[in-house]
Amino acid sequence: MTDKRVDPATGSAVTYTELVATYKKQYKRREIEDYWETCKPAKSKKSKAAAPAKESKPSKAAKPEPKAKAKAKAKAAAKDGKKEEKPKPKAKAAPKPETKTDDKVQMGKDGGASALAKLRTFGSCVLAEYVWLDADGVTRSKTMTMTARPLKVTDLKVWNYDGSSTGQADGHNSEVLLKPRAIFNDPFRGYPHVMVLADAWNAWDDQPAKNNTRAKCAETMDMYRSLDPWFGIEQEYTLMKPGKVGVKPSVPLGFNVDGSEPAPQGPYYTGAGYNVAIGRPVADEHYKLCVEAGVKISGINAEVMPGQWEFQIGPCRGIEMGDHLTMARYIMLRVTEKHECVCSFDPKPAEGDWNGAGCHTNFSVTPMRVAGGYETIIKVCEAFGKVAKEHIAEYGEGNDKRLTGKHETCDINTFKYGVANRGASIRIPRDAEKSGRGYMEDRRPAANCDPYRVTQIIMKTTGECLSAETIEVGGKTHTAFVFIKPHAVYEKVKTLVKEKLTEDGLTIKSEGQIKSAVIDKKKLIDTHYGAIAAKAVMLKPKDLTVQEKAQEEFEKMFGVKWSKVMEDGLVFNAMDGAKKLGISPDELGKKYDALKKGETIIKFGGGFYCGKVDDIYVINGFYMNMRSKFTAPGTSIHYYEVEWPAEKMSWADFRGKLLGPTDPAAAPAGSLREQVYSKWEDLGLKAQPDTGDNGVHASASPFEALAERSNWLRASISKDPFGKALLASGIPLPLLTKEWFSDPSVDFEGGKKSLFDLLEDLDAAACLKKCKEIAVANKSK
């Protein structure tokens, strides 16, 4: 794209390539492409629109751009929801030194009070309207002056307010925190100002404040993130004639001045004309401002009762449904401030033969949107029926006046679903039945419902319904990663291992060789021994957690307290230990290999050893030698990916009886390690196996097996049965790949423990259960 267009945010004529270069760090490529389509073609070089800003001294005749025109440009940019940069300066008269001001809008993190104090004026500052929900679920807001326009929520500060005035705290301890969650453009003040959706947290214990339902909703959405929930909510509302201040209005805007009721409902729905589409100026202005704010508003229409309207928010994914609807409601309340009417979300604003006001919630997850998804929709509808009362309790106050079985509703005490049935609790669109996939509409939520409570219980019920089967399947099969270590990769060993695996009832899913060059280049062994490698090279002893029991064993073995050697600076990781002793890492490795278990070396936990080398204590000093064994030129590993029914063999028997313990000399007769140990000469090995070179490796648990297969074989977690079960259990994919696969220390049952140790030898079903328990115990860590 070589043609030039005018960037509304800067007023400059740019090519598409130049536009991408300007915004690539702020927006995704698709967003930039959409923005490019809104830019108008640049005029000829003689025109003002295309004339570049001059850096040379301006002529006396040059004039600054009119304020009205500048505002129009900023407004146009804001309407596209873009986080614009400040336009380049136009040629204008040189300012007088004594009147010079800093009028450039900064982008990024707010500098706070200390930065404000250094400014000569606040003319370049940004106003941020923080919006949150009070104890009754009503939006509140307050404004902050900031030094910069935020690009992300982490650019914003955590603010606070008087919770005793919103029903969320006592007067003697009233500070409540506002934690930013989403940023919107401010359509009332215009660019560069913003509105911030925040949620409330107690300042004294950092727990969700009263009626902070967003926190629980966010947890549930995160738990079932893999299902990728989409929502669309149809918010009905009624415009009312204002009464006395502080008194709930009772007369809809569309009712006659003399108090009499208008003509029966019928012509008002999607109608047009005077005395028909009553309140259109409010609905239209709200629509426009929501678009400018960046709220995902997808449409509006007049509703069945005069003065009653609806706006639709969505599609939204996960937690953003509640965020966008909350901000849309706030904008509506602001709009009605100047239209002399009141917006009511009451589910039955007018008694009699008039429709109530609801918040129909359209919903789907990935299994509903793919081929065959109609069956999933039916399955979820059935699950909703089993917990109908629990859902109704979350769907708004006063809903019994609306859900009467009349006016396109199902009775509040009845649950039913049907295709194209607006008198059902759940309506399934006709297109969903026809195409075999789609979404469902829960018609029960009231207009005054809390969107976070509604979407949370919908996702909870759906997640539990769909995850139960996935978790059950994941717990029925064991899949492990087995490999012959480099020192034992010989044809006779391969034959021995393969025969033993098949004889014991295991199915070999895949088999192959991975050469040392690949292992070294892709750092496969470093990832495999991630925790071991980290303790040997990256982490300092002070960063490691040694359990109380392990410290007692240390004192028994070495005759000195662990705390004492730490205090005296006698503990080192492998890298630092080699430097302290003045030897190479390989030489340290050889010294470490000569240590005797139970005498000069102790195991603190999985992949966590401490050995006494000369006069110091070294953590995982064996690692350097161990790595070189896998990366030495000409070597390789030979692997087997195996599976078997969990009911046929426990994981403990797989490791203890089929594989054998770490020390091959102590392995039971017939186990792989015992056979390699006792037949080493016949099998072609150059030396008898020992604890380090024990012939064969196998995963210590179903979880560790998934981590190993993900590393060595690049197995897909989301396609693997056990992996899918973990995701269905509410454990996010990023948590697995970025943290858990590296065997972190986790809080569980009163202390810090190795994740891999906690899961060792557990069968798949038990492993899944414990993984979920560990995730719950560490969710706020």
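Computed from a prediction, not measured in an experiment: that's the story for all the values here.

1. Quick word on the pairing of strand β23 (residues 608–613)
On a regular strand, each side chain points to the face opposite its neighbour's, so the side chains alternate between the two faces of the sheet.
Argument step 1. Sheet topology note: the strand β22 (residues 601–605)/β23 ladder contains four bridges and is antiparallel. Residue isoleucine 602 lies in a different strand from β23, and its bridge partner there is cysteine 610.
Argument step 2. Between β22 and β23, which follow one another and run antiparallel, lie two residues, and glycine 607 among them has a positive phi close to 65°.
Argument step 3. Examined bridge by bridge, β23 and strand β24 (residues 616–619) share four bridges and lie antiparallel to one another. For lysine 612, the partnering residue across the bridge sits in β24 and is tyrosine 617.

2. Section: the packing of aromatic side chains
Argument step 1. Evaluated as defined, the whole model comprises 26 aromatic pairs.
Argument step 2. Judged by centre distance (5.2 Å) and plane angle (85°), the rings of tryptophan 562 and phenylalanine 604 are edge-to-face. Residue tryptophan 562 is found in helix α18 (residues 562–567), and its partner phenylalanine 604 is found in strand β22; the two are separated by 42 residues along the sequence.
Argument step 3. Ring geometry for tryptophan 644 versus phenylalanine 654: centroids 4.7 Å apart, planes at 35°, classification tilted. Note that tryptophan 644 is positioned in strand β25 (residues 636–645) and phenylalanine 654 in helix α22 (residues 651–659), a separation of 10 residues in sequence.

3. Focus on the sheet that holds β25
Argument step 1. Strand order in the open sheet formed by four strands is β20-β25-β19-β26, and the pairing between neighbours is antiparallel. Sheet topology places β20 (507–515) and β26 (696–698) at the edges, where each strand pairs with a single neighbour. Put simply, the sheet's adjacent strands are angled 20° from each other on average, direction ignored.
Argument step 2. The pairing of strand β19 (residues 477–484) with β25 spans eight bridges and is classified as antiparallel. Each bridged residue has a counterpart across the sheet, and for threonine 477 the counterpart in β25 is proline 645.
Argument step 3. Across the face of the sheet, helix α24 (residues 702–712) comes into contact with β19, β20, β25 and β26 while running at roughly 55° to β19.

4. What to know about the pattern of salt bridges
Oppositely charged side chains may form a pair once their charged atoms are brought near each other.
Argument step 1. Per the counting criterion, the structure on display carries 43 salt bridges.
Argument step 2. A salt bridge links glutamate 553 to lysine 556, with the nearest nitrogen and oxygen atoms 4.0 Å apart. Of this pair, glutamate 553 and lysine 556 both sit in helix α17 (residues 548–558), three residues apart, which is roughly one turn of the helix.
Argument step 3. By relative accessible area, glutamate 553 is classed as partly exposed at 36%.
Argument step 4. By relative accessible area, which is 67% here, lysine 556 ends up exposed.

5. Re a nonpolar patch on the surface
Argument step 1. A surface patch of nonpolar side chains, about 260 Å² in accessible area, is lined by Val537, Met538 and Leu539.
Argument step 2. Residue position: leucine 539 is located in the loop between α16 (530–538) and α17.
Argument step 3. Taking relative accessible area as the criterion, leucine 539 reaches 31% and is therefore assigned partly exposed.

6. Some details on empty space enclosed by the protein
Argument step 1. A complete count under the given rule lists two cavities of 30 Å³ or more for this structure.
Argument step 2. Counted as a void, the largest cavity has a volume near 80 Å³.
Argument step 3. Taken together, 13 residues line the largest cavity, and the ones lying closest to its centre are Leu133, Ala198, Asp199, Ala200 and Asn212.
Argument step 4. Elements that contribute at least two residues to the lining of the largest cavity include exactly β5 (126–133), β10 (194–202) and α5 (213–223).
Argument step 5. At four residues, the largest contribution of residues to the lining of the largest cavity is made by β10.
Argument step 6. Split by residue class, the lining of the largest cavity holds six nonpolar, five polar and two charged.
Argument step 7. By volume, the second largest cavity amounts to about 30 Å³.
Argument step 8. Considering the residues around the second largest cavity, the lining is formed by Thr477, His478, Thr479, Pro702, Arg709 and Phe722.
Argument step 9. Elements with a minimum of two residues in the lining of the second largest cavity: β19 and α24.
Argument step 10. Broken down by element, the residue count for the lining of the second largest cavity peaks at three residues, all from β19.
Argument step 11. In terms of residue class, the lining of the second largest cavity is made up of two nonpolar, three polar and one charged.

7. Here we look at α16
Argument step 1. Buried residues dominate α16, accounting for seven of its nine residues.
Argument step 2. Buried within α16 we find Gly530, Ala531, Ile532, Ala533, Ala534, Lys535 and Ala536.
Argument step 3. Against the buried residues of α16 lie α15 (524–528), β21 (571–573), α19 (574–581), β23, β24 and α21 (623–631).

8. Examining the sheet that holds β5
Argument step 1. Strand order in this open sheet of five strands is β6-β5-β10-β9-β8, and the pairing throughout is mixed. In the strand order of this sheet, the two ends are held by β6 (139–146) and β8 (159–162), each with one partner. On average, each strand axis in the sheet is inclined to that of its neighbour by 40°, with strand direction left out of account.
Argument step 2. Here β8 pairs with strand β9 (residues 175–185) via four bridges, running antiparallel. Residue pairing in the sheet places asparagine 160 in a bridge with leucine 177 of β9.

9. With respect to the nonpolar core
Argument step 1. Counting residues in hydrophobic clusters, the biggest one holds 64 residues, and the most contacted among them are Tyr237, Val295, Ile313, Met327, Ile331 and Met440.
Argument step 2. The greatest single-element share of this core, amounting to eight residues, is contributed by helix α7 (residues 320–336).
Argument step 3. Residues in contact with tyrosine 237, not counting those within four places in the same chain, are Ala283, Gly307, Gln308, Trp309, Glu310, Phe311, Met332, Cys343, Ser344 and Phe345.
Argument step 4. Counting 28 residues, the second-largest nonpolar core is a separate cluster that includes Ala536, Ala574, Ile616 and Ile637.

10. Focus on the packing of helix α25 (residues 721–728) against helix α28 (residues 764–777)
Argument step 1. Two numbers describe how α25 lies on α28: the axes approach to 10 Å, and their chain directions differ by 30°. By the angle between their directions, the pair α25 and α28 is classed as roughly parallel. α28 is crossed by α25, and the crossing has right-handed handedness. Residues Phe722, Ala725 and Leu726 of α25 form the contact with α28, whose participating residues are Ala764, Cys767, Leu768 and Cys771.
Argument step 2. The residue inventory of the contact of α25 with α28, partitioned by class, reads seven nonpolar, no polar and no charged.

11. Here we look at the pairing of β10
Argument step 1. Of all nine residues making up β10, nine are buried, and the element is well covered by its neighbours.
Argument step 2. Burial along β10 is two-sided: the face carrying Val194, Val196, Ala198, Ala200 and Asn202 and the face carrying Met195, Leu197, Asp199 and Trp201 are both buried.
Argument step 3. Here four bridges tie β5 to β10, and the two strands are oriented parallel to one another. Its bridge partner being in β10, valine 131 is matched across the sheet by leucine 197.
Argument step 4. The pairing of β9 with β10 spans nine bridges and is antiparallel. Pairing of alanine 182 across the sheet is with leucine 197, part of β10.

12. Looking at the confidence of the model for the protein chain
Argument step 1. In this model, the protein chain carries a mean pLDDT of 89, and residues with pLDDT of at least 70 account for 92%.
Argument step 2. Contacts for the low-pLDDT stretch residues 46–102, under 50 throughout, to residues beyond four places or in other chains number 78 contacts.

13. A few points about the environment of histidine 339
Argument step 1. If you trace the backbone, histidine 339 turns up in the loop between α7 and β14 (342–344).
Argument step 2. Given a relative accessible area of 27%, histidine 339 falls into the partly exposed group.
Argument step 3. Taking the C-alpha atoms as reference points, histidine 339 and valine 282, separated by 57 residues in sequence, lie 7.0 Å from one another.
Argument step 4. The residues touching histidine 339, leaving out its near neighbours within four places in the chain, are Pro281, Val282 and Glu285.

Parameters at a glance
Residues numbered from 1 in each chain as written. Predicted model: local features only at pLDDT ≥ 70, side-chain atom pairs only at ≥ 80, totals over all residues. Heavy atoms only, no water. Pairing = 2+ DSSP bridges. Helix = DSSP H or I, 4+ residues; strand = E, 2+ residues; numbered from the N terminus. Phe/Tyr/Trp six-rings, centres within 6.5 Å; stacked < 30°, edge-to-face > 60°. Axes fitted to C-alpha atoms, helices over the stretch in contact; angles between N-to-C directions. Contact = heavy atoms within 4.5 Å. Salt bridge = Lys/Arg side-chain N within 4 Å of Asp/Glu carboxyl O. Buried < 20%, exposed > 50% of the residue type's maximum accessible area, 1.4 Å probe, protein only. Patch = residues over 30% accessible without salt bridge, like charges linked within 9 Å, V, L, I, M, F, W, Y side chains within 5 Å. Areas by Shrake-Rupley, 256 points an atom, 1.4 Å probe, with all protein chains shown as cover. 1 Å grid on protein atoms, 1.4 Å probe; cavity = no way out; pocket = protein on both sides within 12 Å on 5 of 7 lines; lining within 4 Å. Points joined across faces, edges and corners; volume = space filled by probe spheres on them. Nonpolar A, V, L, I, M, F, W, Y, C, P; charged D, E, K, R; others polar. Core = buried A, V, L, I, M, F, W, Y, C linked by side-chain atoms within 4.5 Å. Parallel < 35°, antiparallel > 145°, perpendicular 65-115°, else oblique. Left-handed = near helix turned anticlockwise from the far one by under 90°. pLDDT = per-residue confidence, 0-100.

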